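So you can see what is in the structure, the chains are spelled out below.
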Amino acid sequence: MEAKHAARTVLRVSRHGIAVNLLLAGFKLAAGLIAHSSAMISDAVHTLSDVLSTVAVMIGVMLSSRASDKEHPYGHERLECVAAIVLAAVLCATGVGIGYMGVRSALARASSSGALAAPGLLALVAAAVSILVKEGLYRYTRAAAERTDSCALKADAWHHRSDALSSVGSFAGILGARLGLPILDPLAGAILCVFIVKAAVTIFLDSVARMTDRACDDETAAQIFAVAARQFGVRGIDQFRTRLFGSRMYVDVEIRADGAVPLREAHDIAQRVHDAIEAEFPSVKHCMVHVNPDDKTNERL
């Protein structure tokens, strides 16, 4: 996807996420207050934190989509990875916090001799609605992240899912309290903590890899290589390299061409390779083509 269009897509999806989160947080807060559920009130606060993470994504994308300048001649794409790393840290803290709250809840209930009032049915309904809405928001955001190859949007998608998983814990805790099984709440929290922290680590490692000039995947590299090799006038590929730069890619290729052809014709061959690669792979920000002379008399087309 073209860079500017991808940035517009990320910003549009982020705005939708903020709107849904604000409405959902208001509903869960009201349900928690009416149904006397501290778990649902805490869940509403968690949903509000998702708004801050989405704002971070928008800032990262807007900064990364700025044009190249004198200080940053290769652009600002890596700033999106910085935003993703920050979100991964927030996501990890969220997971640890859910686990901690689960353990603390278990210890508090183990030491409590009196029975607590069971939350109202509205809190249970709110938890179920939250699970459905946040999982839908996760899938919507994740699909956009895959289309745009945005690491920051992938991190934000998982932040939505962490809220859905948090609501699963709230649902289990509220249901357990209503059924006389309070152990369900801390048990769910401990399990969800593992999933959320694992997702945070995966996002962190992917973002760091995008900032360290890692090559693209083998399948994409093979496809780009094939496009270069089939251009008219190319006798072979002497060297081929790719590197990721945030959500974009750079390609360096050395081709062999007939050493007896004029400079203008050799330039045209290189230009065909350059144009073909950038046309067929929109994620390629720039392709550098170097021409080596091949003195063989029979050109392989």
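Look up: the structure comes first, before these words.
Described below are features of the structure shown in this document. All values reported here derive from a predicted model rather than from experimental measurement.

Taken in spatial order, the three strands make up an open sheet running β1-β2-β3, and their pairing is mixed. Of all strands in the sheet, those bounded by a partner on one side alone are β1 (236-245) and β3 (284-294). The sheet shows a mean angle of 15° between the axes of neighbouring strands, taken without regard to direction. Taken together, the ten bridges between strand β2 (residues 248-258) and β3 define a ladder with parallel strand orientation. Its bridge partner being in β3, Glu254 is matched across the sheet by His290. The strands that helix α7 (residues 218-229) touches are β1, β2 and β3; relative to β1, the one it contacts most, it runs at about 140°. Across the sheet, helix α8 (residues 263-280) is in contact with β2 and β3; its angle to β3 comes to roughly 150°.

With that settled, the discussion passes to the pattern of salt bridges. A complete count under the given rule lists ten salt bridges for this structure. Close ionic contact of Asp163 with Lys134 constitutes a salt bridge, the shortest N to O distance being 3.6 Å. Here Asp163 is found in helix α5 (residues 151-179), whereas its partner Lys134 is found in helix α4 (residues 121-148), with 29 residues between them in sequence. No difference in accessibility class separates Asp163 from Lys134, as the two residues are buried. For Glu146, the salt bridge is made with Arg142, and the minimal N-O distance between the two is 3.4 Å. Here Glu146 and its partner Arg142 are both found in helix α4, four residues apart, which amounts to about one turn of the helix.

What follows concerns the side chain of Gln231. Here Gln231 lies in the loop between α7 and β1. According to the relative accessible area criterion, Gln231 is buried, its value standing at 13%. When sequence neighbours within four positions are dropped, the list of residues in contact with Gln231 reads Arg272, Val273 and Ala276.

Assignment of secondary structure puts Glu135 in helix α4. Of the residues examined, Glu135 reaches a relative accessible area of 18% and is grouped as buried. If we ignore the near neighbours within four places in the chain, the residues touching Glu135 are Arg161 and Ala164.

Core analysis: the biggest nonpolar cluster contains 30 residues, and Val57, Val61, Leu91, Leu153, Trp158 and Ile203 have the highest contact counts within it. Put simply, the parts of the chain that give this core at least two residues each are α1 (3-34), α2 (38-64), α3 (78-111), α4, α5 and α6 (184-210). With residues near it in sequence (within four places) discarded, Leu153 still touches Val10, Val13, Ser14, Val57, Thr141, Ala144, Ala145 and Thr148.

Next up on the list: the packing of aromatic side chains. In total, this model carries two aromatic pairs according to the counting rule given. The interplanar angle of 65° and the centroid separation of 5.9 Å between the aromatic rings of Tyr138 and Trp158 together place this pair among those described as edge-to-face. Taken as a pair, Tyr138 in helix α4 and Trp158 in helix α5 lie far apart in primary sequence, 20 residues in all. Judged by its relative accessible area of 10%, Tyr138 falls in the buried class. An angle of 80° between the planes, with centres 5.5 Å apart, marks the rings of Phe225 and Phe240 as edge-to-face. Remark: Phe240 occurs in strand β1 and Phe225 occurs in helix α7; sequence separation between them is 15 residues. The partly exposed category is assigned to Phe225, whose relative accessible area is 35%.

Right, let's talk about the environment of Glu254 for a bit. Mapped onto the fold, Glu254 is located in strand β2. Classification of Glu254 by relative accessible area gives partly exposed; the value is 25%. Along the backbone, Glu254 and His290 are 36 residues apart, and their C-alpha atoms lie at a distance of 4.6 Å. Discounting residues that sit within four places of it in the chain, Glu254 has contacts with Gly236, Ile237, Asp238, Gln239, His290 and Asn292.

Looking now at the packing of α7 against α8. Across the interface, α7 lies against α8 with an axial gap of 9 Å and an inter-helix angle of 145°. Here α7 runs over α8; the crossing is right-handed. Of the residues in α8, those touching α7 at Ile224, Val227 and Ala228 are Val273, Ala276, Ile277 and Glu280.

Reading the values: rules and limits
- Residues numbered from 1 in each chain as written.
- Predicted model: local features only at pLDDT ≥ 70, side-chain atom pairs only at ≥ 80, totals over all residues.
- Heavy atoms only, no water.
- Pairing = 2+ DSSP bridges.
- Helix = DSSP H or I, 4+ residues; strand = E, 2+ residues; numbered from the N terminus.
- Axes fitted to C-alpha atoms, helices over the stretch in contact; angles between N-to-C directions.
- Contact = heavy atoms within 4.5 Å.
- Salt bridge = Lys/Arg side-chain N within 4 Å of Asp/Glu carboxyl O.
- Buried < 20%, exposed > 50% of the residue type's maximum accessible area, 1.4 Å probe, protein only.
- Core = buried A, V, L, I, M, F, W, Y, C linked by side-chain atoms within 4.5 Å.
- Phe/Tyr/Trp six-rings, centres within 6.5 Å; stacked < 30°, edge-to-face > 60°.
- Left-handed = near helix turned anticlockwise from the far one by under 90°.

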